Amino acid sequence: ASSSPLAMEHFNYKALAALLSATLLLLLAPHLMAADPDPLQDFCVADLNGKPTVNGYPCQPSSSAGDEFLFSTRIASGGDTLANPNGSNVTELDVNEWPGLNTLGVSMNRVDFAPGGTNPPHVHPRATEVGIVTRGELLVGIVGSLDSGNRYYSKVVRAGETFVIPRGLVHFQFNVGKEEATMVVSFNSQNPGIIFVPLTLFGSSPPIPTPVLVKALRVDAEVVELLKSKFTGGY
Ligand code: GLV
Ligand code: MN
């Protein structure tokens, strides 16, 4: 009876179904395991009634792009290093200044420093930074995560020399020379983002409540209020 054509057909059908399911699972496995794409913006709060959009910028029709989208003159010159209290000037060249970078995963900055000027401690949440000092000499400092024991790494980097800042680590540059200094950096993101530590703690809008900072920084409220008063205008 087990060899009846009907039973055989039934068995084959089930085996085929199992084989197909296993094959489908294997084909889909990489997709099931894949993570979300990396974000290109700080936030992308869903507009559930809006039109679908992308994590970044939509593209212009390729027919409207000429040669010029591949080139930029923006960092050929720097800005006024004394225009802010940091004594430095950042000329950004990310996708917002250079639309041709969209989707390419890279961007640049030029930073000019007055003597004694600094690019204050900051973090790029979305990119590793690699840089070259093109004139002068800069103290470059980086603090590792707790994995490194909160280690401070630093070196005076001179014209022609390079440095690398791993993504997400706090770092700064400080002009230790007697002349102006300049560096050019690049990032492995079209929109690396920047979080300045002093501005984050003392100049957020609305402000972080003073009791939080009193507890976190182990100082009196007057000290916190004084620091807050220094950053009300931002950078
Ligand atoms: C340098 O550290 C920069 O972020 O421009
Ligand atoms: Mn940086």
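Our structure's up above, just so we're on the same page.
Since we're looking at a predicted model, the values are computed, not measured.

> Lay out the site of ligand 1 in plain terms, naming residues and giving numbers.
Surrounding ligand 1, one finds Asn 109, Val 111, Asn 119, His 122, His 124, Glu 129, His 171, Gln 173, Met 183, Val 185 and Phe 187. Between ligand 1 and the protein, one listed contact pairs an oxygen atom with a side-chain N or O atom of Asn 109 at 3.0 Å. Residue His 171 places a side-chain N or O atom 3.3 Å away from an oxygen atom belonging to ligand 1. If you list the elements that add at least two residues to the shell around ligand 1, you get strand S2 (107-113), strand S3 (118-123), strand S8 (170-175) and strand S9 (181-187). A per-element tally of the shell around ligand 1 places S9 first, with three residues. Taken together, the residues of the shell around ligand 1 sort by class into four nonpolar, six polar and one charged.

> Describe in detail the coordination of the manganese ion (ligand 2), supporting the description with residues and values.
Around the manganese ion (ligand 2), the protein contributes the donor atoms His 122 (NE2), His 124 (NE2), Glu 129 (OE) and His 171 (NE2), which lie 2.1 to 2.2 Å from the metal centre. For the manganese ion (ligand 2), the six donor atoms in the first shell make angles of 71 to 173 degrees at the metal, a pattern classed as irregular. Motif for the manganese ion (ligand 2), donor spacing along one chain: H-x1-H-x4-E-x41-H. With respect to class, His 122 is no different from His 124; both count as buried.

> So what's going on with a nonpolar patch on the surface? Which residues, and what values?
Taken together, Phe 69, Leu 70 and Phe 71 make up a surface patch of nonpolar side chains, about 340 Å² in accessible area. Position of Phe 69 among the secondary structure elements: in the loop between helix H1 (5-33) and strand S1 (88-93). Take Phe 69: its relative accessible area is 38%, and that puts it in the partly exposed class.

> Give a description of the nonpolar core that names residues and reports values.
Counting 15 residues, the largest nonpolar core has Phe 113, Val 133, Leu 138, Val 140, Phe 163 and Met 183 as the members making the most contacts within it. By residue number, the principal contributor to this core is S9, which donates four residues. Excluding anything up to four places from it in sequence, Phe 163 contacts Glu 129, Val 130, Gly 131, Ile 132, Val 133, Val 140, Val 157, Gln 173, Met 183 and Val 185. Judged by nonpolar contacts, the second largest core, of six residues, contains Ile 75, Leu 93, Val 95 and Val 184.

> Outline the layout of surface pockets, supporting the account with residue identities and numerical values.
By volume, the largest pocket amounts to about 450 Å³. A breakdown of the residues in the lining of the largest pocket according to their chemical character gives nine nonpolar, eight polar and one charged. One number sums up the size of the second largest pocket: a volume of about 180 Å³. Lining the second largest pocket, in full, are Asn 84, Asn 86, Ser 88, Asn 89, Val 90, Glu 92, Asn 119, Pro 120, Ile 194, Phe 196 and Tyr 235. Of all the secondary-structure elements, those providing two or more residues to the lining of the second largest pocket are S1 and S3. The leading source of residues in the lining of the second largest pocket is S1, at four residues.

About the thresholds
Residues numbered from 1 in each chain as written. Chains lettered and ligands numbered in written order. Predicted model: local features only at pLDDT ≥ 70, side-chain atom pairs only at ≥ 80, totals over all residues. Heavy atoms only, no water. Near = heavy atom within 4 Å. Polar contact = N/O pair within 3.5 Å; in protein donor to acceptor, adjacent residues only side chain to side chain. Helix = DSSP H or I, 4+ residues; strand = E, 2+ residues; numbered from the N terminus. Nonpolar A, V, L, I, M, F, W, Y, C, P; charged D, E, K, R; others polar. Donors = N, O, S within 2.8 Å, 3.2 Å for Na, K, Ca; no water. Tetrahedral: all angles 85-135°; square planar, octahedral: opposite > 155°, others 65-115°. Buried < 20%, exposed > 50% of the residue type's maximum accessible area, 1.4 Å probe, protein only. Patch = residues over 30% accessible without salt bridge, like charges linked within 9 Å, V, L, I, M, F, W, Y side chains within 5 Å. Areas by Shrake-Rupley, 256 points an atom, 1.4 Å probe, with all protein chains shown as cover. Salt bridge = Lys/Arg side-chain N within 4 Å of Asp/Glu carboxyl O. Core = buried A, V, L, I, M, F, W, Y, C linked by side-chain atoms within 4.5 Å. Contact = heavy atoms within 4.5 Å. 1 Å grid on protein atoms, 1.4 Å probe; cavity = no way out; pocket = protein on both sides within 12 Å on 5 of 7 lines; lining within 4 Å. Points joined across faces, edges and corners; volume = space filled by probe spheres on them.

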